[in-house]
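Structural overview for review
Spelled out from the first residue to the last, the chains are:
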Amino acid sequence: MRILRDFEHIPDTDRGASAAIGNFDGVHLGHQAVIDLARMAGAEIGAPLGVLTFEPHPREVFAPDAPPFRLTGSEARAHRLEKIGVELLYELNFDRALAELSPEAFARRVIVEGLGLRHVVVGADFHFGKGRAGDTGTLRAFGSEMGFGVTVAELVAGETGRVSSTAIREALSEGRPREAAAMLGHWHRMDGPVEHGEKRGRDLGYPTANLSIEGLHRPKFGVYAVFVDVLSGPHKGTYRGAASLGLRPQFDGEVPNLETFLFDFQGDLYGTHISVALVEYLRPEMTFDGADWRAQLIAQMDADCARARDILAVE
């Protein structure tokens, strides 16, 4: 998959795609349905499969002080899109200049003149252009006028209602990662480079791989059974484990992060990229008191890992 970020300087070889348009936060089942329609349209006209999205997310531009909400960062989103067969990712820089384009200017300058898209697919709730003034009807009209095809995808419903990034965030906030996974079509994952921590886990017999969750939506704090994909380095592969997500109240933590213990693993993961899939919520964060707090904490971690092993053994 090729990633292109400047719509005004696209090589001719990367123009002419059939592209799904949207933010694709989480790449959930609704997003995948939109992308599948773009794939089918592209197959009919002999066009490569593309995705047109934006970075940063428009909400981060218009509401920079809002709480973190993203399910995936740009790197994780690109990784997921590549896995489902996207060939061209147009990840345009979303700034005030782009936001000020009228719907007609966006269609003409970005879709036609910039990217040369032959077909576009959007969801039924799609809006675009300054003030979100353009909608699917507007887009269809511009397509007829400017020479690109338009398909509007119906919204996807799951077992508990409409599939949306908002519903997925709610499920994760309430400690229901399996419900989130049913809407995503895959486990919810948190990706990034392994960072150096304070090595308290190693001192307790549970060395962990630490990830920052800065800028991402925060699932319910606590302990999870997880799958871990090591994406780079000599230990590349898939592992089972248990992870603690939160502030580490036992040690007066101030910045939330994700600390993951990989079962039956020995090695150094610092600097490698890993992807941690939340499978099941085990318990909330806890603190332990008294002179034997370390023994209490270790016993709880033993119990957490035993339970996580049982859960993951049948997945």
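A short tour of the structure in this document, coming up. (Residues numbered from 1 in each chain as written. Predicted model: local features only at pLDDT ≥ 70, side-chain atom pairs only at ≥ 80, totals over all residues. Heavy atoms only, no water.)

1. Concerning the sheet that holds strand E12 (residues 237-246)
Spatially, the 6 strands line up as an open sheet ordered E9-E14-E11-E12-E13-E10, and their pairing is antiparallel. Edge positions in the open sheet fall to strand E9 (188-193) and strand E10 (209-212), since each of these has one partner strand only. Pairs of neighbouring strands in the sheet enclose a mean axial angle of 35 degrees, with direction left out of account. Strand direction decides the pairing type here: E9 and strand E14 (residues 273-283), joined by 6 bridges, are antiparallel. (Pairing = 2+ DSSP bridges. Helix = DSSP H or I, 4+ residues; strand = E, 2+ residues; numbered from the N terminus. Axes fitted to C-alpha atoms, helices over the stretch in contact; angles between N-to-C directions.)

2. Notes on the pattern of salt bridges
Per the counting criterion, the structure on display carries 20 salt bridges. Note that Glu 179 is salt-bridged to Arg 176, the shortest N-O span being 2.4 Å. A salt bridge links Arg 283 to Asp 304; the shortest N-O distance between them is 2.8 Å. In this pair, Arg 283 is assigned in strand E14 and Asp 304 in helix H10 (residues 293-313), connecting sequence segments 21 residues apart. Each member of the pair Arg 283 and Asp 304 is classed as buried. Through salt bridges with shared partners, a single network forms among Arg 5, Glu 55, Glu 60, Arg 70, Arg 77 and Glu 91. (Salt bridge = Lys/Arg side-chain N within 4 Å of Asp/Glu carboxyl O. Buried < 20%, exposed > 50% of the residue type's maximum accessible area, 1.4 Å probe, protein only.)

3. Focus on the packing of aromatic side chains
Tallying each qualifying case throughout the model produces 9 aromatic pairs. Aromatic side chains Phe 54 and Phe 94 sit 5.9 Å apart centroid to centroid with 75 degrees between the ring planes, which places their arrangement in the edge-to-face category. With Phe 54 in strand E3 (residues 49-55) and Phe 94 in the loop between strand E4 (88-93) and helix H4 (96-99), the pair connects residues that are 40 residues apart, well separated along the chain. Here Phe 54 falls in the buried class, since its relative accessible area comes to 10%. Summarising the aromatic geometry, the rings of Tyr 206 and Phe 261 are spaced 4.8 Å apart at their centres and angled 70 degrees between planes, so their arrangement reads as edge-to-face. One end of the pair, Tyr 206, is in the loop between helix H9 (200-203) and E10; the other, Phe 261, is in strand E13 (residues 257-262), and 55 residues separate them in sequence. (Phe/Tyr/Trp six-rings, centres within 6.5 Å; stacked < 30°, edge-to-face > 60°.)

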